[in-house]
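One-letter residues, chain by chain:
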Amino acid sequence: MVPDSTGRRIGLFGGTFDPVHNGHLAVAEAAAAALALDLLIFMPAAIPPHKDSPSSLDHRLAMLRLAVADNPLYTVSDLEARRAGPSYTVVTLTELRRQFGREKDFFFIMGADAFAEISTWKEYDRLLDYASLVVAHRPAEAAMAELEEGVRRFFPQLAREGAEVWRHPSGNRLLFLHLPPVPVSSTEVRKLAAAGDSLAGMIPAAVIRYIHDHRLYRTAPSSGAPARQNR
Ligand code: ATP
């Protein structure tokens, strides 16, 4: 997944990506620039088999590959989604650290919505042992004061280093990345596709063609977002 020849700063962006949209790509672009990444890996998570899944992992991966095809900095990995058992982030990061030792710096990128629920993730307090955490924050999301309270509560071992940067004893950091709003969600894309409405401007053109060609999202989602397991 991470070629040895890649530079040392590796971003990991987890999500469901059903489908990938321009909001995800805006996060990726902002993170790659702000962190001077050498590689950014999109890592779709598995959706539990007992839950309704609007589209298969293979479709989600194919759409991601189309969306990143023009950017040599980006790649897509099925590491999380294909692993037997749940796709826990801490397991992925442990594996990467085992493979690369201290050779690479990993930056795990998540939205502020995901960060607000991080205490439900498996062994969340170990994540910073393996990677820096980058929380992408949009103006309409939880107030920064609330998120900072979350940092203090969930990660008491962090020392404040700057306005919105904290340092872990391992040397990894937790930091916030402010993003301009890109008002699109996968739920909205699925709803529009089910209604036969235009998806122009919300997702890359190649992904629109893929959705049409494979007749994805033709039936209206029964209940908003696909269910996720704790990461
Ligand atoms: P759904 O609508 O199905 O819940 P989603 O659009 O939130 O999906 P995910 O794949 O769950 O997409 O998102 C992965 C990460 O990307 C999440 O942490 C989320 O906060 C972030 N994200 C999603 N949409 C946007 C957006 N428009 N701008 C910035 N970040 C986003």
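Being a predicted model, the structure only gives us computed values, none of them experimental.

Engineer: What exactly am I supposed to notice about the overall build of the protein here?
Structural biologist: Regarding its fold elements, the protein presents nine helices and eight strands. Burial statistics for the protein: of 231 residues in total, 49% are counted as buried. Contacts spanning at least 24 positions in sequence make up 73% of the contacts within the protein whose residues lie at least 6 apart. Of the roughly 10,700 Å² that the protein leaves accessible, carbon and sulfur atoms contribute 52%.

Engineer: I'm lost on the site of the ligand in this one. Help?
Structural biologist: If you check the shell around the ligand, you find 21 residues, and the closest are Phe-17, Asp-113, Val-182, Ser-186 and Thr-187. At a separation of 2.9 Å, an oxygen atom of the ligand approaches a polar backbone atom of Thr-16. When contributions to the shell around the ligand are tallied by element, the ones reaching two or more residues are strand 1 (9-15), helix 1 (22-34) and helix 8 (186-194). Classifying every residue of the shell around the ligand gives seven nonpolar, 10 polar and four charged.

Engineer: Got a minute to help me understand helix 2 (residues 57-68) in this structure?
Structural biologist: Structural remark: α-helix, 3.6 residues per turn; residues separated by three or four positions point the same way. With 12 residues, helix 2 ought to run about 16 Å at 1.5 Å a step, and its terminal C-alpha atoms sit 16 Å apart, in line with that. Buried within helix 2 are the following residues: Leu-57, Arg-60, Leu-61, Met-63, Leu-64, Ala-67 and Val-68. Each buried residue of helix 2 lies within a common arc of 165° when the element is viewed along its axis, so the set occupies one face. Residues of helix 2 that are buried sit in contact with helix 1, strand 2 (39-44), strand 3 (74-76), helix 3 (79-82) and helix 9 (205-213).

Engineer: For this particular structure, what's the right way to read the packing of aromatic side chains?
Structural biologist: For any pair of aromatic rings, the description consists of the separation of the ring centres together with the inter-plane angle of the planes. Tallied over the entire structure, the rule returns 12 aromatic pairs. Ring centres of Phe-17 and Phe-42 lie 5.8 Å apart, and the angle between their planes is 65°; on these two criteria the pair is classed as edge-to-face. Residue Phe-17 is found in the loop between strand 1 and helix 1, and its partner Phe-42 is found in strand 2; the two are separated by 25 residues along the sequence. Taken together, a centroid distance of 6.1 Å and an interplanar angle of 85° make the contact between Phe-108 and Trp-121 edge-to-face. Of this pair, Phe-108 sits in strand 4 (residues 105-111) while Trp-121 sits in the loop between helix 5 (112-116) and helix 6 (127-130), and the two are 13 residues apart along the sequence. Taking the relative accessible area as the measure of exposure, Trp-121 reaches 5% and is therefore buried. Three or more aromatic residues link up through ring pairs in this structure, and these residues are Phe-115, Tyr-124, Phe-154, Phe-155, Trp-166 and Phe-176. Between the NZ or CZ atom of Lys-122 and the centre of the ring of Tyr-88, over which it lies, the distance is 5.1 Å.

The rules behind each value
- Residues numbered from 1 in each chain as written.
- Predicted model: local features only at pLDDT ≥ 70, side-chain atom pairs only at ≥ 80, totals over all residues.
- Heavy atoms only, no water.
- Helix = DSSP H or I, 4+ residues; strand = E, 2+ residues; numbered from the N terminus.
- Buried < 20%, exposed > 50% of the residue type's maximum accessible area, 1.4 Å probe, protein only.
- Contact = heavy atoms within 4.5 Å.
- Areas by Shrake-Rupley, 256 points an atom, 1.4 Å probe, with all protein chains shown as cover.
- Near = heavy atom within 4 Å.
- Polar contact = N/O pair within 3.5 Å; in protein donor to acceptor, adjacent residues only side chain to side chain.
- Nonpolar A, V, L, I, M, F, W, Y, C, P; charged D, E, K, R; others polar.
- Expected span 1.5 Å × (residues − 1).
- Arc of directions from axis to C-beta.
- Phe/Tyr/Trp six-rings, centres within 6.5 Å; stacked < 30°, edge-to-face > 60°.
- Lys NZ or Arg CZ within 6 Å of the ring centre and 35° of its normal.

This is a description of form; function is not addressed.
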